[in-house]
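Listed below, chain by chain, are the residues.
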Amino acid sequence: MSADQLLEALDPDQRAVAEALFGPVCVLAGAGTGKTRAITHRIAYGVHRGSYNPRHILAVTFTVRAAGEMRTRLRRLGVLGVQARTFHSAALRQLSYFWPQVVGGAPPRLLQHKAPVVAEAAQRLRVKVDRISVRDLAAEIEWAKVSLVTADDYVQAASATDRPSPAGFDRATVARLMVAYEEAKDARGLMDFEDALMHLTAFILERPEVAQAVRDQYHRFVVDEYQDVSPLQQGLLDQWLGGRKELCVVGDPSQTIYSFTGASDYHLLTFPERWPDAKVFRLVRDYRSTPQVVGLANDLLTHGARGRRQRGVLELQAQRPPGPPVGYTAYDDDDAEAAGVAEQIRRLVAGGTSASEIAVLFRTNAQSEPFEQALADAGIGYQVRGGERFFQRPE
């Protein structure tokens, strides 16, 4: 496939992104607008034209699945050798390589879950906790670390941002727990995911030979889901770049979903201010949903839940044929909602709709239980995609 043939599969807006081979580039892409297609074709176009060496490209995203999808698409486009990884995977890979040179020996073992160490820290301080409070405290420690807030600064930072008190603990106690958590973690010879990013950032910042090696390896960077970048991740990205401009970011401020962990759309929305010579593109042709769904989404995103216009909202344009109107039903609680959904499904199936054409979407895996129970009670078979059946989980 030639470079020009690659572009034939793209719409005019996607093609403009693919042809913008040199950064900085910012792509504001709404849901269903083909952002992955655009950025993978941009990489492939650059490689096939001879402008890019695939082995000098690092593409980072937020999930292992998204990184795998990017690698698969690039292979289909005839491009091999691009590193497509999550932030943490890329950082761990580099850290494992440089740790013996900088510190000596093997790096600390990775702590997969903070909860056990948080519980140990609480026990050291004789702070009474239960499973729920340990979970909330672990989440607060993660927020502080990705937001670059130290234990010394926590009380002031949490007050300034009006952070809700985790599990009812006062902020001074949380700050003490942060210190105890780090001590317990270090005593076990462990590092958490945030430590991996922090250590690598420090290595590049403080050791010129590490910075040179990283920057010799990676000349161009692509960051997907840029609206979910945290201050810690942005700091590492800045060190990877080392003042260079070959950066392409893709995101949608309306799809920020990790704000509770310290992510912010700030970096995406202010990208043109930081890079005055940046090329900014907007992908607004929605190929996923009917005009009825897109119209409702536009209304919600434009005016927000409280009627205030949101900053950076993309007005999407539906590309699919019209479909049925969108319905809305309110229920008293989760169980009533699940029963109502099961009844609607029962009527649809009885009316001739194939069960495989019906989907129930929910935000988190924990919400699946009432739906699974209601469907089972109604004798309706179902499949759980992207998660494990609630009643098949070990707990």
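Residues numbered from 1 in each chain as written. Predicted model: local features only at pLDDT ≥ 70, side-chain atom pairs only at ≥ 80, totals over all residues. Heavy atoms only, no water.

What follows covers the overall build of the protein. For the protein, the count of helices and strands is 17 helices and 10 strands. A compact globule built from 395 residues would reach a C-alpha radius of gyration of about 21 Å, and the protein, at 24 Å, matches this within 12%. By principal-axis analysis of the C-alpha atoms, the protein measures approximately 70 × 60 × 40 Å. Across the 395 residues that make up the protein, the buried fraction comes to 43%. Long-range contacts, defined here as pairs at least 24 residues apart, represent 75% of the contacts in the protein between residues at least 6 apart. Roughly 21200 Å² of accessible area belongs to the protein as shown, and the carbon and sulfur atoms make up 50% of that amount. (Helix = DSSP H or I, 4+ residues; strand = E, 2+ residues; numbered from the N terminus. Rg over C-alpha atoms; globule rule 2.2 N^0.38 Å. Buried < 20%, exposed > 50% of the residue type's maximum accessible area, 1.4 Å probe, protein only. Contact = heavy atoms within 4.5 Å. Areas by Shrake-Rupley, 256 points an atom, 1.4 Å probe, with all protein chains shown as cover.)

Right, let's get into the environment of leucine 296. As for its position among the elements, leucine 296 is in helix α15 (residues 291-303). When the C-alpha positions of leucine 296 and arginine 385 are compared, they lie 25 Å apart, and in sequence the two are 89 residues distant.

Here we come to the nonpolar core. Within the largest apolar cluster, 41 residues are counted, with the highest numbers of intra-cluster contacts made by Val223, Trp240 and Leu247. Broken down by element, the residue count for this core peaks at 7 residues, all from helix α5 (residues 87-102). The residues contacting leucine 247, other than those within four sequence positions of it, are Gly23, Pro24, Val25, Phe221, Val223, Leu237, Leu241, Phe271 and Trp275. Membership of the second largest hydrophobic core comes to 31 residues, among which are Ala3, Leu21, Ala59 and Val79. (Core = buried A, V, L, I, M, F, W, Y, C linked by side-chain atoms within 4.5 Å.)

Our next topic: the packing of helix α10 (residues 193-206) against helix α11 (residues 208-217). With their axes 5 Å apart at the nearest point, α10 and α11 run at an angle of 105° to one another. Here α10 lies roughly perpendicular to α11, going by the angle between them. Across the interface between the two elements, Phe203, Ile204 and Glu206 from α10 touch Pro208, Val210, Ala211, Val214 and Arg215 from α11. Classifying every residue of the contact of α10 with α11 gives 6 nonpolar, no polar and 2 charged. (Axes fitted to C-alpha atoms, helices over the stretch in contact; angles between N-to-C directions. Parallel < 35°, antiparallel > 145°, perpendicular 65-115°, else oblique. Nonpolar A, V, L, I, M, F, W, Y, C, P; charged D, E, K, R; others polar.)

If you walk through the whole model with that rule in mind, you get 0 disulfides. Free of any disulfide, cysteine 26 has its nearest neighbouring cysteine sulfur in cysteine 248, separated by 8.3 Å. In this structure cysteine 26 comes out as buried when scored by relative accessible area, which is 1%. You can call cysteine 248 buried: its relative accessible area is 1%. (Disulfide = S-S within 2.5 Å.)

As a further point, take the sheet that holds strand β1 (residues 25-29). Strand order in this open sheet of 6 strands is β3-β2-β6-β7-β1-β8, and the pairing throughout is parallel. Bordering the open sheet on either side are β3 (83-86) and β8 (279-283), each of which pairs with just one other strand. The sheet shows a mean angle of 15° between the axes of neighbouring strands, direction not considered. Alignment of strand β6 (residues 220-223) against strand β7 (residues 247-251), held across 3 bridges, turns out to be parallel. Opposite phenylalanine 221, over in β7, you have leucine 247 as the bridge partner. Lying over the sheet, helix α4 (residues 64-76) contacts β2 (57-61) and β3, oriented at roughly 170° with respect to β3. (Pairing = 2+ DSSP bridges.)

Moving on to the confidence of the model for the protein. Per-residue pLDDT for the protein averages 92, and the proportion of residues at 70 or more is 95%. The least confident element of the protein is helix α1 (residues 3-7), whose mean pLDDT is 87; the most confident is β6, at 98. (pLDDT = per-residue confidence, 0-100.)

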